[in-house]
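# Reading the structure
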Amino acid sequence: MCGSIMASVYFTLILLLSVVGMFAAQPATDPAEVQALNKMVDHWNLRMKLNFTIDPCTQNASWAAENANPRIACDCSATTCHVTHLKIYALDISGEIPSELFVLKELKDLNLGQNVLNGSIPHEIGQLKNMEYLSLGINNFTGKVPAELGNLTKLLSLSFSSNNLNGSLPTDLGKLTSLQQLYIDSSGVTGPIPQELSNLKSLQILWASDNLFTGKLPEFLGTFMELNVLRLEGTNLEGPIPRSLRALTKLSDLRVGDLSMEDSSLDFIENLTSLSILSLRNCRVAGQIPERLGTFSKLKVLDLSFNKLTGQIPNSFQNSASLQYLYLGSNNLSGELPPTIINQNLRALDISFNSLSGSLPQSSDKARLSMNVIGTSISANSLLKGEASGMLRCILGGAKCSIKVPATSFSINCGGTEQTSSSGIKFDNDSEILGAASMYISSDHQWAVSNTGSYISNPNGPLSIVQTDSQITETLDSELYKTARISPSSLRYYGLGLKNGKYNVELHFAEIQMEQSHSWKGLGRRLFDVYIQGERVLKDFSIRDEAEGSKRAVVRKFEANVSNTAMDIHLFWAGRGTCCIPFQSTFGPLVSAIHVSQVSEGTRSSKRDNKRAGRIAGIAVGCTAGLVVVASAFYLWWRKEKPAHMVVHADSPRK
């Protein structure tokens, strides 16, 4: 009995000595770093999450795990432990970066993304010369990008996207020759892209959209042979797209948009067969679409809309087994639509506002895709079940189709059901879900709406309508603003059968997607342009700035002339604003309601004219209107009114 007790005590002592030895074997954290960590924890009010009752570099500490947040990890291979990883991600820490951070000289990975840090990025950041991964994106930093970032020559990934910085990119960034990922989109930087960045030969990912860069799109981009992703939309850069990009055969995602001045061609894409996404929207791309493009076996998304392309749609697209989204709208394409372009893989087809003719394939009525053929002379009978074919002959025959009982107003509750406002205006139901390339005509043919574009990075994200249960302030008509129609690219409303003359146009807005808060979720910026009758009336319009907050109503009023019985209200995303706050794919135009009334009608114009119900039937040929007719009418109207868009053609989409 006594022997067994002694054995048990002996075993316990050995176990305790082993545990003590284990802890004794792990070096302690550098005292200066412990002190710095404690000061940072208090500075950012993180004591509840990081309470250092044990050594910060203890291997099994809760904050050392790979998925911990906040996270602290260390290198204890020497006689003293040093902090190498610090992550404080999306925890809404605020204030400036404290000087104590720069005591952590051995930091390799610093992630302070998605917070509300402010002030400037300290110049002392250049002291952390062991840094490999640095993320400062989605914060509220101001001032210039510190040149000292160029001292971090071991950097593999650098992000300071979605901030409020200013000034040009420092030339010292060209010293980061090991850099593989650079995220600077929506950072606020301006000016020319420095030639010194041509040294970044290891780059694999470059996001630089939504910055007011100037000058030409750099030729040296074509020397980044490892580049896999390039995004440069919403800048002030000038074309042409350099032919040097043809060397980037590893590209899988190329998005360049909104170039001005010189025209570009598609010659450079000849060998870019690894492309999965190709978007050259609003880039003044001219010439014909290469036949070879339709043979790219990995291409899923192709957006060449709002350009100057001519010729026919290549027959090679008929055989594409990979293409899911095809956007060719607002070009100068001609000829007939390839007969078998619609297949089981294609989800969206936009060929609107082109000189295309022919008929949609018989299979199109069975295909599970959305299509937009407005502004063409394509027969859409397969969509309309054969309605109004006689009216098509009237429109395309060159005869002037007059309206016997024209309308003098229309009102739409964008994205919502029918509502009557406090002033007695009836806003029509507009709750139809629109696809990635589609249109809808109201049941009484008083107006139409079309949508083009898809949220490429988040295909399962928001559809064409958003809504909120929150009350909307600064209005007596809160319900009118609780729904809105959105688009990732181009959203257009058309008034139909209007009496010619001058009209008041009221556009109603309320930001119901982006938060107004002290969190990082409130740092998003939505910007878009608005055109009425082809003339830009709003540029880089921010609903939240205009209304001085989210979920607050604001109305913008304009005057416009109707000389052809139709009105075009175009909300267009020109690549500006943040992309991913508070969640992926939060960008593009948003509108809550539209009210249009003829000036000469005075107060009476805001009320619905009961005679309007039969006005479409009163067109000269006496046929029932349908989608094919409206599309054809818009085609002739667009060709007639085309010069009106030339006013802003240099830096805006023609259509």
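Everything quoted here is computed from the prediction, not taken from an experiment.

### Observations concerning the sheet that holds strand β23 (residues 355–357)
- As summarised here, the arrangement of the four strands in space is β17-β19-β21-β23, forming an open sheet in which the pairing is parallel. Edge positions in the open sheet fall to β17 (286–288) and β23, since each of these has one partner strand only. In this sheet, neighbouring strand axes are inclined to one another by 25° on average, regardless of whether the strands run parallel or antiparallel.

### Points about the packing of aromatic side chains
- On inspection of all chains with the given rule, the structure shows 11 aromatic pairs.
- Judged by centre distance (5.9 Å) and plane angle (55°), the rings of Phe-220 and Phe-224 are tilted. Neither Phe-220 nor Phe-224 differs from the other in exposure class; each is buried.
- When the ring of Phe-306 is compared with that of Phe-572, the centres are 4.8 Å apart and the planes differ by 70°; the resulting orientation is edge-to-face. Residue Phe-306 is found in the loop between β18 (301–303) and β19 (308–311), and its partner Phe-572 is found in strand β37 (residues 567–572); the two are separated by 266 residues along the sequence. As far as burial versus exposure is concerned, Phe-306 and Phe-572 are alike and both buried.

### Concerning the environment of Ser-305
- Relative to the assigned elements, Ser-305 resides in the loop between β18 and β19.
- Note on Ser-305: relative accessible area 1%, which makes it buried.
- The contact partners of Ser-305, leaving out residues within four places of it in the chain, are Leu-280, Arg-281, Asn-282, Tyr-327, Leu-328, Gly-329 and Asn-331.

### Points about the state of the cysteines
- Applying the stated rule across the entire model yields three disulfides.
- The partner cysteine of Cys-57 in its disulfide is Cys-74, sulfur to sulfur 2.0 Å. The disulfide joining Cys-57 to Cys-74 has a torsion of about -80° about its S-S bond and is therefore left-handed. Of this pair, Cys-57 sits in the loop between α2 (31–43) and β1 (71–75) while Cys-74 sits in strand β1, placing them 17 residues apart in sequence.
- We classify Cys-57 as buried; its relative accessible area is 4%.
- On the accessibility criterion, Cys-74 (24% relative accessible area) is partly exposed.
- Between the sulfur of Cys-76 and that of Cys-81 lies a disulfide, 2.0 Å long from S to S. Where Cys-76 bonds to Cys-81 through sulfur, the torsion about that S-S bond is close to 120°, and the disulfide is right-handed.

### Some remarks on the pairing of β37
- Counting buried positions along β37 yields six of six residues, so the element is predominantly enclosed.
- Here β37 shows a buried face lined by Met-567, Ile-569 and Leu-571 and a second buried face lined by Asp-568, His-570 and Phe-572.
- Examined bridge by bridge, strand β32 (residues 490–495) and β37 share six bridges and lie antiparallel to one another. Among the inter-strand pairings, Gly-495 is bridged to a residue of β37, identified as Met-567.
- Across four bridges, the pairing between strand β34 (residues 528–532) and β37 is antiparallel. Looking at β37, one finds that Tyr-531 is bridged to His-570.

### Some remarks on the pattern of salt bridges
- Applying the stated criterion across every chain, the model contains 20 salt bridges.
- We note a salt bridge from Glu-262 to Lys-216, for which the minimum N-O separation is 2.6 Å. Of the two residues, Glu-262 sits in the loop between β15 (253–256) and β16 (277–279) while Lys-216 sits in the loop between β13 (212–214) and β14 (229–232), which places them 46 residues apart along the sequence.
- When its relative accessible area of 38% is taken as the criterion, Glu-262 is described as partly exposed.

### As for the pairing of strand β33 (residues 501–509)
- Pairing analysis gives nine bridges linking β33 to strand β36 (residues 554–562), with the strands arranged antiparallel. Each bridged residue has a counterpart across the sheet, and for Phe-509 the counterpart in β36 is Val-554.
- Of the strand pairs in this sheet, β33 and strand β39 (residues 593–598) are connected by six bridges, and their pairing is antiparallel. In the strand pairing of β39, Tyr-503 is matched with Gln-598.

### Some points on the sheet that holds β34
- Spatially, β28-β29-β32-β37-β34-β35 is the arrangement adopted by the six strands of the open sheet, whose pairing is antiparallel. Either end of the sheet is taken by a strand with one partner, and the two such strands are β28 (437–441) and β35 (535–541). Sheet twist, expressed as the mean angle between neighbouring strand axes with direction ignored, is 10°.
- As paired elements, strand β29 (residues 447–452) and β32 share six bridges and run antiparallel to each other. Note on β32: the bridge partner recorded for Asn-451 is Leu-491.

### What about α2?
- For α2, which comprises 13 residues, the first-to-last C-alpha distance of 18 Å matches the rise-based estimate of 18 Å (1.5 Å per residue) to within 8%.
- Among the residues of α2, Glu-33, Ala-36, Leu-37, Met-40 and Val-41 are the ones counted as buried. End-on view of α2: buried residues confined to an arc of 135°, all on one side of the axis.
- Where α2 is buried, its residues contact β1 and β2 (82–87).
- Put simply, Asp-30 is the residue that caps the front of α2, since its side-chain oxygen is 2.8 Å from the backbone nitrogen of Ala-32.
- In the segment just after α2, Asn-45 is the residue with positive phi, at about 55°.

### Considering the side chain of Ser-320
- Position of Ser-320 relative to the elements: it lies in the loop between β19 and β20 (325–327).
- In this structure Ser-320 comes out as buried when scored by relative accessible area, which is 8%.
- Residues within four places of Ser-320 in sequence aside, it is in contact with Gly-294, Asn-343 and Asn-345.

Criteria and cut-off values
- Residues numbered from 1 in each chain as written.
- Predicted model: local features only at pLDDT ≥ 70, side-chain atom pairs only at ≥ 80, totals over all residues.
- Heavy atoms only, no water.
- Pairing = 2+ DSSP bridges.
- Helix = DSSP H or I, 4+ residues; strand = E, 2+ residues; numbered from the N terminus.
- Axes fitted to C-alpha atoms, helices over the stretch in contact; angles between N-to-C directions.
- Phe/Tyr/Trp six-rings, centres within 6.5 Å; stacked < 30°, edge-to-face > 60°.
- Buried < 20%, exposed > 50% of the residue type's maximum accessible area, 1.4 Å probe, protein only.
- Contact = heavy atoms within 4.5 Å.
- Disulfide = S-S within 2.5 Å.
- Salt bridge = Lys/Arg side-chain N within 4 Å of Asp/Glu carboxyl O.
- Expected span 1.5 Å × (residues − 1).
- Arc of directions from axis to C-beta.
- Polar contact = N/O pair within 3.5 Å; in protein donor to acceptor, adjacent residues only side chain to side chain.

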